[in-house]
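Observations on the three-dimensional arrangement
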Amino acid sequence: MQQKNTLTVLKFGGTSVGSPERIKRIALEITRRSALGEDLVVVVSAMGKSTDLLVQLAHDITPTPCKKEMDLLLSTGEQVSIALLSMAIKDLGFSSVALTGAQAGIKTDALHSKARIEEIDTSRILKHLSKKHIVVVAGFQGISAEGDITTLGRGGSDTTAVSLAAILKCPVEIFTDVDGVYTTDPRVYAKAKKLKEISYDEMLELASLGASIMETRAIEIGHKYSVPMTIALNTFDVEGTIVKELDDTMEKKVVTGMTLTDNCLMVSIAMIPYTSKNVSQLFATIAKEHIIVDMISQTAPYNNTVNLSFTTYKEDRLALEEILRAFKQEHNSIDYYLDDQLVKLSVVGIGMVSQSGVASRLFSLLSDHDIKFYQVTTSEISISYTIHSSDKMKAIQTIADDFEL
C-alpha cells in the first residue's frame, strides 16, 4: 500500500473522548493513519461534560469565581484528555507526546475566559513530528505573556485546531457527533439534507447565526488562511462535509441552509432622547461587559426620541438589566422590555448574491402561514427573523419544504 507523507490536524470534541472506550477507538483510528505515513497533530477537548462539572465545582465554592482561577481550573479538563489519549496511543505501540496549550507554544492575550491567540511557536511540535511522534495538543487553552493559563472561550478547541493547521499549512479535520453540515438541524427537521460541500462564507454565516457545528472564530481563521477543512462523524465510517472556497456551482442553489437559535434575548428600549451620544454610550457600556449584540434596529426620530431593539444571548440577561437600570436613571423617559420567548431563524445562501426575490418569497411564506416576526436583518447572503418560540416548528417546516432544504 502506498504511504502518505502528509501532515494533518485532527480535532476531537468532548463526546468523542467522553469515555475510555471512545478514547481507545480514536487511538485506533489515529494509529491506523499514522501507520500509513501521515504526520498527525491531534487536538482534543475535555471529556464529555467534565467542563460543566468543573464550572459547577467552582460555583459550589463561590457565586463569583475569579476568571483567572477559572481558566486555571477549566484547563485541567483538556489536560486529562490529552494524557489519556496519549496513553492509549502508546499502548498500541506508537510514539506519542501530550502537550498543554502552553507547551504547544500557543500564546494569547490576557483576556481570561475569552482569550485570543496572538502567536503560535510551533518549534516544539515540529521537533516531535520530526521524530515521528503523534502530537496530542490540549484545545481551548494557551498562555499569556504574563505566564498565566488562559482559555479561548466557546468553541475554543476548534479555534486551536484551525489555528494550528493555518500555521502548519495543512488540512484540518473536525470530528464531532454529527456526520457533517446539514441544510438545517436534522434533530428538528427530520428531512434535512447533508451537504457534501459548503463555502467558507456560507459556513461562517451559518455559524454566526446559530449553527453550533463549528465556532465562528475557527471558520474565520480557516477562511483567512485558506485552510482545507472537513467536518465529519467521529465514528470515521461516514463521509463528511468539505468547507472550501466558493466555486461557480455553489450559486445555483439560492438557499443552502437554515439555522435556528433558541438562545435569543430581545431587548427593546422606547423613548430614548434622540442624540447619537446616548445610543453610543449605551452600546459602549454593553461592550465593556463583553456582551455580544446582534440584530440591531432603530426607528426614525419622532418627537425627538427613538426606539431601539437588539438581540443577544439569554445568559447575559442579568448584566443587561443592570445596565438598563442605570441607563434609565440617566434618562427617566425611557422604558425597556426584555423578551426571552423568541427564537432567531435565519436562511443562508451564496445564491442570494445573484438571484433576486428571496426576501419577497420569505415574507409571503410567513404571511400565508400567519407567522409573526418582530425583527428582520439581512446580509449579502442571509436573511434573519425573530419569531415567537411557539411558531418555531411551523416556520422551520414551511421554509424547509418551500426551499427544499
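Residues numbered from 1 in each chain as written. Predicted model: local features only at pLDDT ≥ 70, side-chain atom pairs only at ≥ 80, totals over all residues. Heavy atoms only, no water.

Examining the pattern of salt bridges
Inspection of the entire model under this criterion finds 16 salt bridges. In this structure, the salt-bridge partner of Arg 33 is Glu 38, at a minimum N-O distance of 2.8 Å. Classification of Glu 38 as buried rests on a relative accessible area of 6%. Between Arg 317 and Asp 340 there is a salt bridge, with its nearest N and O atoms 3.3 Å apart. Taken as a pair, Arg 317 in helix α9 (residues 317–330) and Asp 340 in the loop between β17 (335–339) and β18 (342–348) lie far apart in primary sequence, 23 residues in all. A residue is classified by how much of its surface remains accessible, and Arg 317, at 26% relative accessible area, is partly exposed. Overall, the relative accessible area of 29% leaves Asp 340 in the partly exposed class. Connected through shared salt-bridge partners, Arg 33, Glu 38 and Glu 173 make up one network. (Salt bridge = Lys/Arg side-chain N within 4 Å of Asp/Glu carboxyl O. Buried < 20%, exposed > 50% of the residue type's maximum accessible area, 1.4 Å probe, protein only. Helix = DSSP H or I, 4+ residues; strand = E, 2+ residues; numbered from the N terminus.)

Thoughts on the sheet that holds strand β4 (residues 106–108)
Overall, mixed pairing links the four strands, which are arranged β5-β4-β7-β8 in an open sheet. Each edge of the open sheet carries a strand with a single partner, namely β5 (117–120) and β8 (149–151). The average angle at which neighbouring strand axes cross in this sheet is 45 degrees, direction not considered. Relative to the sheet, helix α5 (residues 156–168) contacts β4, β5 and β7 (141–144), its axis offset from that of β5 by approximately 45 degrees. (Pairing = 2+ DSSP bridges. Axes fitted to C-alpha atoms, helices over the stretch in contact; angles between N-to-C directions. Contact = heavy atoms within 4.5 Å.)

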